[in-house]
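Take a look at the letters that make up each chain.
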Amino acid sequence: MKKFLVILGIMLLSLSVFATTIHDVQFTTDAGDGTYPSTFVDQVVTVQGVVTATGFNGGKFFIQDGEGAWNGIYIFDWNTPVNLGDLVSVTGTVSEYYGFTEIKNVSDITIISSGNSVPQPTILTTNEVATSEAYEGVLVRVQNVTVAIGLDDHSQWYVTDGSGNCQIDDNIFNLNDAGITINVGDSWGSITGVVDYGYDEY
């Protein structure tokens, strides 16, 4: 019995030591413009995290297993309905879609629990949002911003807090469709969302 307990303990320790975290998948020492791939590219991984955003590009979602840099990731799957605050386990292949790290070809999503607190958004400057790969997939907030560039043909617009412009896109929520006008010079107390990457912009 003692031998069995020792072996079981070692097995559990090994599982905890070698568990893949979102930080493991996302972190790179060559962070830059989104073109530096994850060291886990093309590998099948299982990660856990709390759902921080849903309905991205038709139903896909984001999860985090902590707060701050490197702790969020995009799940390219719309077959399993999830809600904000769901703690989920996701098994799939790590991929880079034009520099945007994601988990796709998902083979399993298990909802472990629901109603969990969503990680607090990380407060960033608009320049940090626009230039830092570390916050790709992470729930963030910019504060006291002014509209610098109005809506373009793709329903994207830009705000600044004085540090530089960052793009606000419509992949989850379109203000124009909601009847909210966006005018250059308008001030916003805060804007909260998840950082994605496409067409060379965060």
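Relevant structure appears above.
Residues numbered from 1 in each chain as written. Predicted model: local features only at pLDDT ≥ 70, side-chain atom pairs only at ≥ 80, totals over all residues. Heavy atoms only, no water.

**Observations regarding the sheet that holds strand β1 (residues 44-56)**
- Judged by pairing direction, the barrel is mixed, and its five strands sit side by side in the order β1-β2-β3-β5-β4 before closing back on the first. Between one strand axis and the next, the sheet turns through 55° on average, direction left out of account.
- The sheet contact formed by strand β4 (residues 87-97) and strand β5 (residues 100-113) spans 10 bridges and is antiparallel. Paired with Y97 across the strands is F100, a residue of β5. (Pairing = 2+ DSSP bridges. Helix = DSSP H or I, 4+ residues; strand = E, 2+ residues; numbered from the N terminus. Axes fitted to C-alpha atoms, helices over the stretch in contact; angles between N-to-C directions.)

**Looking at the pairing of β4**
- With eight of 11 residues buried, β4 lies mostly within the body of the structure.
- Between β4 and β5, which pair antiparallel one after the other, the connecting turn spans two residues, and Y98 there sits at a positive phi close to 50°. (Buried < 20%, exposed > 50% of the residue type's maximum accessible area, 1.4 Å probe, protein only.)

**Description of unusual backbone geometry**
- With a phi close to 45°, N105 is a non-glycine residue in the positive phi region.
- For N105, the position within the fold is in strand β5.
- Residues other than glycine seldom take positive phi values, yet N144 does so here, at roughly 50°.
- Examined against the element boundaries, N144 turns out to sit in strand β7 (residues 139-149).

**Quick notes on the nonpolar core**
- F62, V129, Y135, V140, W157, V159 and I191 are the most contacted members of the largest nonpolar core, which totals 27 residues.
- Looking at which element gives the most residues to this core, the answer is β7, with five residues.
- The contacts of F62, once residues within four sequence positions are left out, are V50, V51, T52, A53, F56, I73, Y74, F100, G137, V194, V195 and D196.
- Core analysis: the second largest hydrophobic core is formed by 16 residues, V47, I63, I73 and V82 among them. (Core = buried A, V, L, I, M, F, W, Y, C linked by side-chain atoms within 4.5 Å. Contact = heavy atoms within 4.5 Å.)

**A short note on a nonpolar patch on the surface**
- There is a patch of nonpolar side chains on the surface, built from I172, F173 and I180 and spanning about 270 Å² of accessible area.
- The residue F173 is located in the loop between β9 (165-168) and β10 (187-194) in this model. (Patch = residues over 30% accessible without salt bridge, like charges linked within 9 Å, V, L, I, M, F, W, Y side chains within 5 Å. Areas by Shrake-Rupley, 256 points an atom, 1.4 Å probe, with all protein chains shown as cover. Salt bridge = Lys/Arg side-chain N within 4 Å of Asp/Glu carboxyl O.)

**Some points on the packing of aromatic side chains**
- All chains considered together, the criterion is met by 11 aromatic pairs.
- Taking the centre distance of 5.2 Å and the plane angle of 75° together, the rings of F27 and W70 count as edge-to-face. Here W70 lies in the loop between β2 (60-64) and β3 (72-75) and F27 lies in the loop between α2 (22-26) and β1, a separation of 43 residues in the sequence.
- With a centroid separation of 5.5 Å and an interplanar angle of 45°, the aromatic rings of W157 and W188 are classed as tilted. A residue pair is termed long-range when its members are at least 10 positions apart, and W157 in strand β8 (residues 157-160) and W188 in strand β10 qualify at 31 residues.
- Exposure remark for W188: the relative accessible area of 21% places this residue in the partly exposed category.
- An aromatic cluster of at least three residues, connected via ring pairs, comprises F56, F62, Y74, F76, W78 and F100.
- The ring of F76 has K104 sitting right over it, with the charged end atom 5.8 Å from the ring centre. (Phe/Tyr/Trp six-rings, centres within 6.5 Å; stacked < 30°, edge-to-face > 60°. Lys NZ or Arg CZ within 6 Å of the ring centre and 35° of its normal.)

**Quick look at the pairing of β2**
- With respect to burial, β2 is a largely interior element, five of its five residues being buried.
- Burial along β2 is two-sided: the residues K60, F62 and Q64 and F61 and I63 are all buried.
- Sheet topology places β1 next to β2; four bridges connect them, and they run antiparallel. Within β2, the position partnered with F56 by the bridge is K60.
- Linking β1 back to β2 in an antiparallel pair, the connection comprises three residues, with N57 at a positive phi of about 50°.
- Across four bridges, β2 lies against β3 in antiparallel orientation. Pairing of F61 across the sheet is with I75, part of β3.

**Some thoughts on the side chain of T93**
- Of note, T93 is situated in strand β4.
- In this view, T93 contacts D42, Q43, V44, E102, I103, K104 and N105; residues no more than four positions away in its chain are not counted.

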